[in-house]
Amino acid sequence: MNSQKVAIITGAGRGIGAATALLFGRKGDAVCINYKSDVESASKLAETIIAAGGRCITVQADVSREDEVVRLFSTVDEVLGSVSVLVNNAGILKTQSRLEDMTAERINLILTQNVTSYFLCCREAVKRMSTRHGGVGGAIVNVSSGAARSGSPNEYIDYAASKGAVDTLTKGLSLEVASEGIRVNCVRPGLIHTDIHADGGEPERIQRLKNNIPVKRGGQAEEVAEAIYWLASEKSSYSTGTYLDVTGGL
Ligand code: NAP
């Protein structure tokens, strides 16, 4: 892999994705900030990276849609060059609920947004990175969640199950492409200060749960970004199919 990477980070306008994009930009890598609807946050972030001397573009695309994923990757091919790092980060959750109250519409939305999107982006990345297809290799980092282990009872089992699927995707794909120059790893954040908890209907969720966390605090997006960056870098060159928990001990 070249020392200057070309990194696609999905859902990078806000939260963990934005902290990750900033870190890649600061390290001198070319960055594609993907976002779904919040053009303002994505544009401001891109301006910050470019003002600091970085190379960066923003691409609006709903990564749960096949045609939009194909457009995202071909835009990066044209503008930044062939992708060497994919960070699958875009994800959603819905209002806290028990399973009895979940509709098929909600469950399917969570699975499409959190799982189909990761599969589609992995597919496009592998087509470009794999030595089997003439590529020079690369690294994929999937952002899962500690919820894959806890199951998130009484909050969002659908979300937790979608992250379980991300863990299994990571394991299977890592083995499928290990001999083709591609490493596939996973970061599993715990309770991180971002907007996502408000989407679950409880903006102060971390405040309520922080005493259950061994280190007694929520994490910052920047702390997750460091783990993602390490798994995308040559420093982790002998790690593939692994899960790095960034959970304060939870
Ligand atoms: P966030 O602050 O809510 O940001 C989510 C980002 O994903 C936004 O930039 C959003 O775009 C984007 N997005 C959502 N659906 C998308 C789609 N279909 N296509 C493209 N972009 C999409 O979330 P976060 O807390 O940073 O979460 C990032 C990842 O970490 C998620 O996978 C989440 O499950 C995981 N995670 C978070 C925590 C936590 O405590 N925060 C814990 C464990 C795991 P717009 O801005 O355009 O809407």
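The notes below deal with the structure included here. (Residues numbered from 1 in each chain as written. Predicted model: local features only at pLDDT ≥ 70, side-chain atom pairs only at ≥ 80, totals over all residues. Heavy atoms only, no water.)

### Structural notes on the environment of M129
- Take M129: it is sitting in helix α4 (residues 104-129).
- We classify M129 as buried; its relative accessible area is 0%.
- When the C-alpha atoms of M129 and I213 are compared, they prove to be 38 Å apart, with 84 residues separating the residues in sequence.
- Residues within four places of M129 in sequence aside, it is in contact with V83, S84, V85, L86, G135, V136, G137, G138, A139, I140, E180 and I182. (Helix = DSSP H or I, 4+ residues; strand = E, 2+ residues; numbered from the N terminus. Buried < 20%, exposed > 50% of the residue type's maximum accessible area, 1.4 Å probe, protein only. Contact = heavy atoms within 4.5 Å.)

### Observations concerning the pattern of salt bridges
- Overall, the coordinates contain 21 salt bridges when judged by the stated rule.
- Put simply, R65 and D67 hold a salt bridge, and the shortest N to O gap is 3.4 Å.
- The exposure class assigned to R65 is partly exposed, which follows from its relative accessible area of 42%.
- Using a relative accessible area of 46% as the deciding quantity, one classes D67 as partly exposed.
- Its salt-bridge partner being D158, residue R106 comes within 2.7 Å of it at the nearest N-O pair. Of this pair, R106 sits in helix α4 while D158 sits in helix α6 (residues 157-177), placing them 52 residues apart in sequence. (Salt bridge = Lys/Arg side-chain N within 4 Å of Asp/Glu carboxyl O.)

### Observations concerning the sheet that holds strand β4 (residues 85-88)
- The strand order across the open sheet built from seven strands is β3-β2-β1-β4-β5-β6-β7, with neighbouring strands paired in parallel fashion. With one partner strand each, in any of the chains shown, β3 (55-60) and β7 (243-246) form the two edges of the open sheet. Put simply, the sheet's adjacent strands are angled 15 degrees from each other on average, direction ignored.
- Relative to strand β6 (residues 182-189), strand β5 (residues 138-143) runs parallel, the two being bridged by six bridges. Bridge pairing in β6 links V143 to V187.
- Its contacts with the sheet place helix α1 (residues 15-26) against β1 (6-9), β2 (30-35), β4 and β6, and it is angled at close to 170 degrees to β1. (Pairing = 2+ DSSP bridges. Axes fitted to C-alpha atoms, helices over the stretch in contact; angles between N-to-C directions.)

### Details of the packing of aromatic side chains
- Taken as a whole and judged by the stated rule, the model has two aromatic pairs.
- With 5.6 Å between their ring centres and 75 degrees between their planes, Y156 and Y159 make a pair best called edge-to-face.
- On the basis of relative accessible area, Y156 is assigned to the buried category, the value being 2%.
- For Y159, a relative accessible area of 10% corresponds to the buried category. (Phe/Tyr/Trp six-rings, centres within 6.5 Å; stacked < 30°, edge-to-face > 60°.)

### Some words on helix α9 (residues 221-232)
- Its 12 residues place the ends of α9 17 Å apart at the C-alpha level, agreeing with the 16 Å of an ideal helix rising 1.5 Å per residue.
- Taken residue by residue, α9 has A221, V224, A225, A227, I228, Y229, L231 and A232 as its buried positions.
- Of the surrounding elements, those touching the buried residues of α9 are α1, β4, β5, β6 and β7. (Expected span 1.5 Å × (residues − 1).)

### So, unusual backbone geometry
- One non-glycine residue, N154, lies in the positive phi region at around 70 degrees.
- Locating N154 in the fold gives a position in the loop between α5 (147-150) and α6.
- Although it is not a glycine, K216 adopts a positive phi angle of roughly 65 degrees.
- Residue K216 is classed as partly exposed on the basis of its relative accessible area, which comes to 46%.

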